[in-house]
Amino acid sequence: MSDHPYSRLTPTAVMDAVESLGFLCDARVFALNSYENRVYQVGIEEQNPLIVKFYRPRRWSKSCIQEEHDFLHELKQQELPVIAPLEINNQTLFEFDGFYFSLFPRQGGHAPEISNEDDLELLGRWLGRLHLIGEKTHFKHRPQIAGVPDLELASQQVLSSGLMPDEYQAAYTSLITDLRQEIQQAYLPQAQTQIRLHGDLHSGNLLLRDENLYLVDFDDCLTGPAMQDIWMLLSGDRYEQQQQLQVICEGYEMFRPFPTNELPLIEALRTLRMIKYAAWLCVRWQDPAFPAAFPWLTSHQFWSQHTLSLREQLAALREPTIQLPNFNM
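Residues numbered from 1 in each chain as written. Predicted model: local features only at pLDDT ≥ 70, side-chain atom pairs only at ≥ 80, totals over all residues. Heavy atoms only, no water.

## With respect to the sheet that holds strand E4 (residues 94-96)
- As summarised here, the arrangement of the five strands in space is E1-E2-E3-E5-E4, forming an open sheet in which the pairing is antiparallel. The sheet is open, and its two edges are formed by strand E1 (25-31) and E4, each paired on a single side. Across the sheet, the mean angle from the axis of one strand to that of its neighbour is 35°, orientation sign disregarded.
- In this structure, strand E3 (residues 47-54) lies alongside strand E5 (residues 99-105), joined through five bridges in antiparallel fashion. When the bridges of E5 are listed, Val 52 appears paired with Leu 103.
- Across the sheet, helix H1 (residues 11-19) lies against E1, strand E2 (38-44), E3, E4 and E5, angled at about 120° from E1, the strand it touches most. (Pairing = 2+ DSSP bridges. Helix = DSSP H or I, 4+ residues; strand = E, 2+ residues; numbered from the N terminus. Axes fitted to C-alpha atoms, helices over the stretch in contact; angles between N-to-C directions. Contact = heavy atoms within 4.5 Å.)

## Points about the packing of helix H3 (residues 117-134) against helix H6 (residues 238-252)
- Where H3 contacts H6, the two axes come as close as 6 Å, and the packing angle between them is 50°. As summarised for this structure, H3 and H6 are arranged oblique, according to the angle between their axes. Crossing hand, H3 versus H6: right-handed. Of the residues in H6, those touching H3 at Glu 117, Leu 120, Glu 121, Gly 124, Arg 125, Leu 127, Gly 128 and His 131 are Gln 244, Val 247, Ile 248, Gly 251 and Tyr 252.
- Among the residues forming the contact of H3 with H6, the class breakdown is five nonpolar, five polar and three charged. (Parallel < 35°, antiparallel > 145°, perpendicular 65-115°, else oblique. Left-handed = near helix turned anticlockwise from the far one by under 90°. Nonpolar A, V, L, I, M, F, W, Y, C, P; charged D, E, K, R; others polar.)

## Quick notes on the pairing of E2
- With respect to burial, E2 is a largely interior element, seven of its seven residues being buried.
- Both faces of E2 are covered, namely the face carrying Arg 38, Tyr 40, Val 42 and Ile 44 and the face carrying Val 39, Gln 41 and Gly 43.
- Inspection of the sheet shows E1 paired to E2 by four bridges, in the antiparallel sense. When the sheet's bridge partners are listed, Val 29 is paired in E2 with Val 42.
- Here E1 hands over to E2 after six residues, the two strands then running antiparallel side by side. (Buried < 20%, exposed > 50% of the residue type's maximum accessible area, 1.4 Å probe, protein only.)

## A word on the environment of Arg 238
- Among the secondary structure elements, Arg 238 is positioned in helix H6.
- It is 28 Å that separates the C-alpha atoms of Arg 238 and Thr 173, two residues lying 65 residues apart in sequence.

## Focus on the packing of helix H5 (residues 166-186) against helix H9 (residues 300-317)
- Two elements in contact, H5 and H9, have axes separated by 10 Å at closest approach and are oriented at 25°. The pairing of H5 with H9 is recorded here as roughly parallel in orientation. Judged by the sense of rotation from one axis to the other, the crossing of H5 with H9 is left-handed. Listed contacts from H9 to Glu 167, Tyr 168, Ala 171, Tyr 172, Leu 175, Asp 178, Leu 179, Glu 182 and Ile 183 of H5 are His 300, Trp 303, Ser 304, His 306, Thr 307, Leu 310, Arg 311, Gln 313, Leu 314 and Leu 317.
- Taken together, the residues that form the contact of H5 with H9 break down as 10 nonpolar, five polar and four charged.

## Here's the deal with the environment of Trp 231
- One can find Trp 231 in the loop between strand E9 (222-224) and H6.
- Between the alpha carbons of Trp 231 and Arg 270 there is a distance of 7.9 Å; along the sequence they are 39 residues apart.
- Not counting the four nearest positions on each side in its chain, Trp 231 is found in contact with Ile 266, Leu 269, Arg 270 and Arg 273.

## Structural notes on the side chain of Asp 287
- Among the structural elements, Asp 287 can be located in the loop between helix H7 (266-283) and helix H8 (289-293).
- Classification of Asp 287 by relative accessible area gives buried; the value is 3%.
- At 2.7 Å, the side chain of Asp 287 forms a polar contact with the side chain of Arg 56.
- Discounting residues that sit within four places of it in the chain, Asp 287 has contacts with His 4, Tyr 6, Tyr 35, Arg 38 and Arg 56. (Polar contact = N/O pair within 3.5 Å; in protein donor to acceptor, adjacent residues only side chain to side chain.)

Structure representation (structure tokens):
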């Protein structure tokens, strides 16, 4: 049996945690797709099922998680489409057997087609409102996009993991040196307007149900430039991304000026995400769920493709900045 902390989360333990808050489980426990945390749907006697989320031990402090919850409730109070944790006796964060956990209402749905202009325009509106609220105050405990320090930490984690084959290390190290120089020029945290963000707004964290679009999973909410919540919605070639930016902009500017001055950050933010994603897989490799889900991480094919992708990002960082149609920087 694994000695990883998550191995303690048996169905009985999951139900014990939920019942510690006064609910009566009906013995139906279903694990949901989640790697960083552990998330379950739990049946409740004579009520709708609940979603219980157990946070990865030692990742976030209690204050850090509470800030996520407070942000969600602030957004919900302003009628943004988010799924906030349940409040029980004026609390949203609880402890059980060494785990922080929280309960959420179940919300079904599916990922939207964000290539659809109507969905993109709607997302632009929600993001404009989210960022309008996000800039009203600041996180005290959540992380901040730091730029070069993020790149340096992530690349060190990759190189020290022992998972990258030796023959790719020299090329990777050389690329990191070149990328560092480009990002140092492109991303200066002190030069950017820093606000509270979702932080990880890809299509998997969008939920469409009965024509209602929800923003979900604020587990990586952080401080950074507004463009971090925008660029991951883009896809396709440069022309297609320009058109998508224009549609998002039209919805966004109903509530907040679009951060056109942050367009030069897109490729730097994209590069940081790619490097940090590989580092995340390496750091989490001792969690049995990761080798099972990502067996290709130790393959030559993955590291060859990763190195090639970083080389392409270096070229992208040196290209002219993407612009909104009919807009000259």
